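Reading the structure
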Amino acid sequence: MEEKVSSSKSVFIFFVATFVFSWLFWLPGLLSSLGLFQIAAPNMVWVILGAHGPLFAALGLTYREDGWAGVKKLLRKGFDLRMKPAWWLLIVMLPFVLAGLAVGVNVFLSGHQPDKTLLLQPWMILPTFLVMFFVGGSFQEEFGWRGYALPRLLEKWNLAIASLILGTVWGFWHLPLFYIQGASQVFMPFGVFLMLAIAFSVLFTWFFQRTSGNLFSALLFHTAINTSFSVFPPVELQANSNQMAFTYLMIAYGIVALVILMINRQTWFGR
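The paragraphs below set out a description of the structure included in this document.

Remarks on the packing of helix 6 (residues 138–153) against helix 9 (residues 216–231)
Close contact between helix 6 and helix 9 brings their axes to 9 Å; oriented N to C, the two are set at 135°. Judged on the interaxial angle alone, helix 9 and helix 6 are oblique. Two packed elements cross with a definite hand, and for helix 6 against helix 9 that hand is right-handed. Within the contact between the two elements, helix 6 uses Ser-138, Phe-139, Glu-141, Glu-142, Phe-143 and Arg-146 and helix 9 uses Ala-218, Leu-219, His-222 and Thr-223. By residue class, the composition of the contact of helix 6 with helix 9 is 4 nonpolar, 3 polar and 3 charged.

Right under this line is the structure:
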C-alpha cells in the first residue's frame, strides 16, 4: 500500500485512468467507423471492453491505497442487498415509469410508434435485466463512478456539486461512443445525453445518500435505466428517425432531479 493521497488527487487520478483505459479500447472501433482502420473484431467488442475502464481504475487505485482488503470491501459493497423494500421498488420502477412516459408523450404528439418487441414479450424482461446488470454497464461502471469517485468527491463538495462534477465527467466519458458504429449513442444528440447524465447523477447520489451509501443502489438503478431503454426505447436505432422521446426523457429526469434538489436544499447545497 502507498501513502494516502488527498481525495481530490485520488479522484483526478481515477478520472484520468478511466478515460485512458476506455478511450484506448474504443479507439480501434472509432477508427474503423471513420474508415481509417480495419479490424477483425466487431466494434461492440471494443465498446464492451472499454466500458470496464471505471471498474479497473477503481480496483487498481483501491488496491494501491488499501490493498486486497480494500478491493474485497469495495466489491462486497456492490452486492449489499440490504435496502428497505421501498427503495428497491422506487429504484427499479422509476426508470420504467419515466421511459414509458417519454415514449407515450412522443406517441401522443407525433404518432410515432416505438419498437415494442420486449414489451410484448414480458417474460424476457428479467433475463434482459440480468444481462444488463453484468454486461450492460452497471457492473463495469458503478464500482468506479459511485463506488470510488462519489465518496471522495463528497469529502470536498456538497451533494449538488459532487453530482454535477461526476455527471459531467461521466457524460463526456461516453463521447467516443457517439462516433462508433453499432453503439446506441450514435443516434443520440450529445447535448441532450449530457444533460440526461447530469440528471441521472443527481438521482444516483440521492439513492446513494438515502440508503446510507449502499453501492448496490447504483448498480440496481443503472441496470433499471438500461433495461427500461429496451422495454420503452426512447432512441430509434436508425438514421433520420424520430428521436424526440429521448428529449422528453431528459426533461422528465430533469424535472425529477430538480424536485429532489429543491425539496431539501440545505442537504444538497450545504456543507
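Past the structure itself, the notes keep going.
Here's the deal with the nonpolar core
Ranked by size, the top nonpolar core spans 74 residues in total, and within it Phe-14 and Tyr-253 carry the most contacts. By residue number, the principal contributor to this core is helix 8 (residues 190–210), which donates 12 residues. Setting aside residues up to four positions removed in sequence, Phe-14 forms contacts with Pro-54, Ala-57, Ala-58, Leu-61, Gly-144, Trp-145, Tyr-148 and Ala-149.

Describing the pattern of salt bridges
Opposite charge on two side chains permits them to pair, given that their charged atoms come into close proximity. On inspection of all chains with the given rule, the structure shows 3 salt bridges. Here Arg-82 makes a salt bridge to Asp-80, at a shortest N to O gap of 2.8 Å. Ionic pairing is found between Glu-142 and Arg-146, a salt bridge with its closest N-O pair at 2.8 Å. Of the two residues, Glu-142 and Arg-146 both sit in helix 6, 4 residues apart, roughly one turn of that helix. Classification of Glu-142 as buried rests on a relative accessible area of 0%.

Some points on the environment of Phe-96
For Phe-96, the location among the structural elements is in helix 4 (residues 85–110). If we ignore the near neighbours within four places in the chain, the residues touching Phe-96 are Ala-224, Thr-227, Ser-228, Val-231 and Phe-232.

Thoughts on unusual backbone geometry
A positive phi angle, near 60°, is found at Ser-212, a position not held by glycine. For Ser-212, the location among the structural elements is in the loop between helix 8 and helix 9.

Some thoughts on a positive patch on the surface
Positive charge collects at one region of the surface, where Lys-72, Lys-73, Arg-76 and Lys-77 lie side by side. According to the relative accessible area criterion, Lys-77 is partly exposed, its value standing at 40%.

Considerations on empty space enclosed by the protein
Empty space among the atoms can be located by rolling a probe the size of a water molecule over them. This model, assessed by the stated rule, comprises 1 cavity of 30 Å³ or more. Roughly 50 Å³ of internal volume is contained in the largest cavity. With 3 residues, helix 4 is the largest single contributor of residues to the lining of the largest cavity. Taken together, the residues of the lining of the largest cavity break down into 7 nonpolar, 4 polar and 1 charged.

Considering the side chain of Asn-43
As for its position among the elements, Asn-43 is in helix 2 (residues 43–50). For Asn-43, the side chain forms a polar contact with the side chain of Ser-33, separated by 3.3 Å. Among residues more than four places away in sequence, those in contact with Asn-43 are Gly-29, Ser-32, Ser-33, Ile-180 and Gln-181.

Regarding the environment of Trp-268
For Trp-268, the position within the fold is in helix 11 (residues 265–269). In this structure the C-alpha to C-alpha distance between Trp-268 and Trp-157, which are 111 residues apart in sequence, comes to 10.0 Å. In this structure Trp-268 touches Asn-158, Leu-159, Ala-160, Ser-163, Val-202, Thr-205, Trp-206, Ile-260 and Leu-261, once residues within four positions along its chain are discounted.

Focus on helix 1 (residues 7–33)
The end-to-end C-alpha distance of helix 1, which contains 27 residues, comes to 38 Å, matching closely the 39 Å that a straight helix rising 1.5 Å per residue would cover. Where helix 1 bends most, the angle comes to about 35°, and this point is Leu-27, followed within four residues by the proline Pro-28. Trailing helix 1 by a residue or two, Gly-35 shows a phi angle of about 75°, which is positive.

Here we look at the layout of surface pockets
Estimated volume of the largest pocket: approximately 960 Å³. What lines the largest pocket is a set of 38 residues, among which Gly-136, Ser-184, Gln-185, Met-188 and Asn-226 lie closest to the centre. Of all elements in the fold, only helix 2, helix 5 (125–135), helix 6, helix 7 (159–173), helix 8 and helix 9 reach the threshold of two or more residues within the lining of the largest pocket. Residue composition of the lining of the largest pocket, grouped by class: 25 nonpolar, 10 polar and 3 charged.

Considering helix 4
In an α-helix, one turn spans 3.6 residues, which is why side chains three or four residues apart end up on the same side. In this model helix 4 runs 38 Å from its N-terminal to its C-terminal C-alpha over 26 residues, within 8% of the 38 Å that 1.5 Å per residue would give. The sharpest bend along helix 4 measures roughly 35° and falls at Met-93, with the proline Pro-95 sitting one to four residues further on. Where helix 4 is concerned, the buried positions are Trp-87, Ile-91, Leu-94, Pro-95, Phe-96, Leu-98, Ala-99, Ala-102, Val-103 and Asn-106. Looking at the buried side of helix 4, the elements it contacts are helix 8, helix 9 and helix 10 (244–263).

Cut-offs and rules
Residues numbered from 1 in each chain as written. Predicted model: local features only at pLDDT ≥ 70, side-chain atom pairs only at ≥ 80, totals over all residues. Heavy atoms only, no water. Axes fitted to C-alpha atoms, helices over the stretch in contact; angles between N-to-C directions. Helix = DSSP H or I, 4+ residues; strand = E, 2+ residues; numbered from the N terminus. Parallel < 35°, antiparallel > 145°, perpendicular 65-115°, else oblique. Left-handed = near helix turned anticlockwise from the far one by under 90°. Contact = heavy atoms within 4.5 Å. Nonpolar A, V, L, I, M, F, W, Y, C, P; charged D, E, K, R; others polar. Core = buried A, V, L, I, M, F, W, Y, C linked by side-chain atoms within 4.5 Å. Buried < 20%, exposed > 50% of the residue type's maximum accessible area, 1.4 Å probe, protein only. Salt bridge = Lys/Arg side-chain N within 4 Å of Asp/Glu carboxyl O. Patch = residues over 30% accessible without salt bridge, like charges linked within 9 Å, V, L, I, M, F, W, Y side chains within 5 Å. Areas by Shrake-Rupley, 256 points an atom, 1.4 Å probe, with all protein chains shown as cover. Lys, Arg positive; Asp, Glu negative; His and termini not counted. Charge placed at Lys NZ, Arg CZ, Asp CG, Glu CD. 1 Å grid on protein atoms, 1.4 Å probe; cavity = no way out; pocket = protein on both sides within 12 Å on 5 of 7 lines; lining within 4 Å. Points joined across faces, edges and corners; volume = space filled by probe spheres on them. Polar contact = N/O pair within 3.5 Å; in protein donor to acceptor, adjacent residues only side chain to side chain. Expected span 1.5 Å × (residues − 1). Bend = angle between axes of the 7 residues up to and from the residue.

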